[in-house]
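# Notes for the structure review
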Amino acid sequence: MKKMQLSVALIRITLAFVFFCIQYTSTAQQPSAPSWAAETAAAKEKRMQWWTNDRFGMFIHWGLYALPARHEWVQNRERITPENYKKYFDYFNPDMFDPAQWAKEAKAAGMKYVVLTTKHHEGFCLWDSKFTDYKVTNTPYKKDLLRSFVEAFRAEGIRVGFYYSLIDWHHPDFVYDGGHPPTPVAKEDREKANAGRNMVRYQEYMRNQITELLTKYGKIDQLFFDFSYAGKGRKEWDSENLLKLVRKLQPDIIVNDRLDLNETTWGWDYKTPEQFMPKEWVKVNGQKVPWETCQTFSGSWGYFRDEYSWKSPEQLVVMLAETVSKGGNLLLNVGPTARGNFDERASERLAALGKWMKFNSPSVYGCTEAPEYFKKPANSILTYNAATKRLYIHVLEWPFKTLLLEGYKDRFKYAQLLQDGSEIRFSTITKSGGHTTETSGENDVMLQLPVQKPNTLVPVIELILE
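In this numbering scheme, every chain counts its residues from 1 along its sequence in written order. This being a predicted model, a pLDDT of at least 70 is required before a residue's local features are given, and a value of 80 or more before pairs of side-chain atoms are given or counted; all residues contribute to the totals for chains, interfaces and linings. Hydrogen atoms and water are omitted, and side-chain values are computed over all heavy atoms in the structure.

## Focus: the overall build of the protein chain
Helix and strand content of the protein chain: 13 helices and 16 strands. Taking all contacts inside the protein chain whose residues are at least 6 apart in sequence as the whole, residues at least 24 apart take part in 70%. Accessible area for the protein chain stands at about 22300 Å²; split by element, carbon and sulfur atoms hold 52% of it. In this tally, Asp and Glu contribute negative charge and Lys and Arg positive charge; neither His nor the terminal groups of the chain are included. Charged groups are reduced to one reference atom each: NZ for lysine, CZ for arginine, CG for aspartic acid, CD for glutamic acid. Here the protein chain contributes 61 positively and 56 negatively charged side chains, and the mean placements of these two sets differ by 4 Å. Comment: elements are numbered from the N terminus, with helices defined as DSSP H or I runs of at least four residues and strands as E runs of at least two. Whether two residues are in contact is decided by their heavy atoms: any pair within 4.5 Å suffices. A 1.4 Å probe and the Shrake-Rupley method give the accessible areas. Residues count as covered only by the protein chains that appear here.

Here it is in C-alpha cells:
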C-alpha cells in the first residue's frame with residue numbers, strides 16, 4: 001500500500017513538473033508586454049473593429065521605379081548603381097497625378113482604406129522630409145505628394161494608411177549585407193563600402209521620418225513596415241523602440257508584423273501573407289489571429305509596362321470572397337505610372353470590382369468565416385455576418401436547376417439573389433415520385449435556381465437565418 005501511495009505521489013510530482021516546464025516554455029516563448037504595449041484582448045478588438053469590418057483596401061506602390069517600369073525592385077534586380085539610378089530622380093514629374101481621381105476609383109471599387117508607399121526600398125520619399133534630400137520636392141515635380149493624397153482619400157471617406165520601408169538602398173548609413181543595397185556583390189567590396197556606415201544613425205533617421213509621417217498628416221489608421229529578413233531584424237531596426245514611438249504618436253493605429261517581433265503578442269496587430277491565399281484562417285500557436293493578404297493585379301507591385309499576367313475580374317472577386325470566407329482582409333495593389341495615373345488595365349479591373357460590389361458588398365463588409373455547421377455547397381464560397389444573421393453563398397459554377405444545401409433544414413427562413421433581391425424558393429423532398437422528381441436528405445434543402453446564371457461575375461445567394 002505504501003509503495004502504491006509513493007508511486008502515485010511520484011506520478012503527481014512528475015506531472016506537476018512537466019506542467020511547470022510547459023508553462024515555463026510557453027512563457028519564455030511569449031515575452032510579457034512592456035508597459036507601453038499593455039492592452040487587453042477586448043481593447044485590441046475594439047481598436048481593430050473598423051478594419052475587420054471593412055475587409056477590403058487598396059495598396060499603392062509608387063516611386064521612382066515607375067519610370068523604368070520594370071518592377072519596383074528594378075534597382076536591385078538589375079544591380080543599377082546609384083549614379084545610374086539618379087536619372088529617374090532627375091526626371092520624376094508626374095504631371096497627371098490626380099489623387100481625387102485615385103480616391104474616386106478606390107471608393108467606386110468598394111475599397112474602404114488605402115495604404116501608400118511613402119518610402120519604398122529605393123529610399124525615395126513622397127513627402128517633404130526634413131531629414132533627406134532624396135525626396136519628391138527636390139524633383140521636377142517639386143510638391144509634397146503625400147498631403148494632397150491624404151486629403152483626397154479622406155474626402156471620399158477612405159481611411160489612410162502608410163507603408164514605410166525599413167530597407168533603404170540610398171541612405172548612406174544603411175549597412176550593406178548580402179541582399180541590400182543592390183551593390184556591391186563581393187563580400188570584400190561590401191566590407192569596404194560599409195566603412196563609415198552606421199545603423200544606429202540609420203535608426204535615428206527612421207524614427208525622425210516616422211515622427212514626421214505620424215504628426216504632419218493627422219490621424220493615420222494603418223502602418224505597414226517592410227521588412228525583416230536574415231540579414232537584418234529587430235536589433236538592426238531597434239524594433240521595440242520604433243514601435244513604442246509609433247504607439248505614442250498614434251495610439252489607435254494598426255501595425256503589421258514585419259518588425260521581427262513575431263514571437264511576442266504585442267509586437268504586431270495582424271499577419272501579412274503575401275501573394276498567396278492561405279488554406280485557412282491564419283493561426284498563431286493554434287489561435288486564429290487577424291490577417292490581411294496583400295495581392296497584385298499582375299506579378300509586380302510597381303508599374304510594369306510589359307507585365308501580362310494580369311488576373312481577370314472574376315479571379316479578383318473570387319479572391320476577395322475567399323479571403324473574407326477565411327476571416328481575412330484583402331489589400332489589393334495598384335502601381336501608378338510615371339505620369340501619375342492608373343494604368344488602364346488597373347482601372348478596368350477596379351471598375352469591374354465596383355460593379356460587383358455595388359450589389360454584393362453585404363457579403364463582404366462585416367462578414368467572416370461561416371460557422372462549421374454550415375456545410376459549404378459544391379463549387380461555392382461561404383461568408384457570414386453574425387450581426388445581421390445572414391449567410392452568403394458565392395456560387396462559383398452556376399448549377400442547373402437546384403443547389404443542394406446539406407443539413408440546412410430549419411436553419412434559414414428566406415433566400416434571395418443578392419444581385420436583385422429576387423426570391424429563391426426552396427424545398428425538402430424525401431419521397432421519390434416520377435423519374436423527374438429530385439429528392440434530398442430529410443435535413444437538406446434544395447434551392448430552386450433560375451436556369452440562366454445572373455448577369456454578374458460571381459452570383460451571391462443570401463440566406464436570412466433563423
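## Section: the packing of aromatic side chains
Classification of ring pairs rests on two measures: the distance between centres of Phe, Tyr or Trp rings, Trp counted by its six-membered ring, which must be within 6.5 Å, and the angle between planes, read as stacked under 30 degrees, edge-to-face over 60 and tilted in between. For the structure shown, the criterion picks out 31 aromatic pairs. Taking 6.5 Å as the distance between ring centres and 80 degrees as the angle between the ring planes, the aromatic pair formed by Phe-97 and Tyr-141 counts as edge-to-face. Residue Phe-97 is located in the loop between helix 5 (82-91) and helix 6 (99-108), and its partner Tyr-141 is located in the loop between strand 2 (113-119) and helix 7 (145-155); the two are separated by 44 residues in the primary sequence. Between buried and exposed lies partly exposed: a residue is buried under 20% and exposed over 50% of the maximum accessible area for its type, with that area taken using a 1.4 Å probe on protein chains only. You can call Tyr-141 buried: its relative accessible area is 13%. Plain terms: the ring middles of Phe-412 and Phe-426 are 4.6 Å apart, the flat faces sit at 55 degrees to each other, and that makes the pair tilted. Linking Phe-412 in strand 13 (residues 412-417) with Phe-426 in strand 14 (residues 426-427), this pair joins segments that are 14 residues apart in sequence.

## Here's the deal with the pairing of strand 10 (residues 380-385)
Within strand 10, six of the six residues are buried, which leaves it mostly tucked inside the rest of the structure. The two faces of strand 10 match: Ser-380, Leu-382 and Tyr-384 on one face and Ile-381, Thr-383 and Asn-385 on the other face are all buried. Both strand 10 and strand 11 (residues 390-395) contribute to a ladder of six bridges, which runs antiparallel. Bridging across to strand 11, Ile-381 finds its partner in His-394. In short, DSSP must find at least two bridges between two strands for them to pair. Linking strand 10 to strand 11, which pair antiparallel, is a turn of four residues; within it Lys-389 sits at a positive phi near 55 degrees.

## Focus: the sheet that holds strand 15 (residues 445-448)
Reading across the sheet, the three strands line up as 12-15-14 and stay open at both edges, with antiparallel pairing between neighbours. Each edge of the sheet is formed by a strand with only one pairing partner; in this case those strands are strand 12 (402-405) and strand 14. In this sheet, strand 15 lies alongside strand 12 in antiparallel orientation, the contact comprising four bridges. The residue of strand 15 that forms the bridge with Thr-402 is Gln-448.

## Some words on the side chain of Thr-293
By the secondary structure assignment, Thr-293 is in strand 8 (residues 292-296). Owing to a relative accessible area of 0%, Thr-293 belongs among the buried residues under this scheme. Discounting residues that sit within four places of it in the chain, Thr-293 has contacts with Pro-273, Gln-275, Phe-276, Thr-323, Asn-329, Leu-330 and Leu-331.

## A short note on empty space enclosed by the protein
A cavity, in this analysis, means grid points on a 1 Å lattice covering only the protein atoms where a 1.4 Å probe fits yet has no way out; a pocket is instead an open set bounded by protein on both sides within 12 Å along at least five of seven lines, and a residue lines either one if it has an atom within 4 Å of a point. Grid points are joined across faces, edges and corners, and a volume is the space filled by probe spheres set on the points. All told, the structure shown has one cavity of 30 Å³ or more when counted by the stated rule. In this model, the largest cavity occupies a volume close to 110 Å³. Along the wall of the largest cavity there are 14 residues; nearest its centre are Ser-298, Ser-300, Gly-302, Trp-310 and Gly-335. Three classes are used, and their members are as follows: Ala, Val, Leu, Ile, Met, Phe, Trp, Tyr, Cys and Pro are nonpolar, Asp, Glu, Lys and Arg are charged, and the others, Gly among them, are polar. Residue composition of the lining of the largest cavity, grouped by class: seven nonpolar, five polar and two charged.

In short, shape yes, function no, at least from these values alone.
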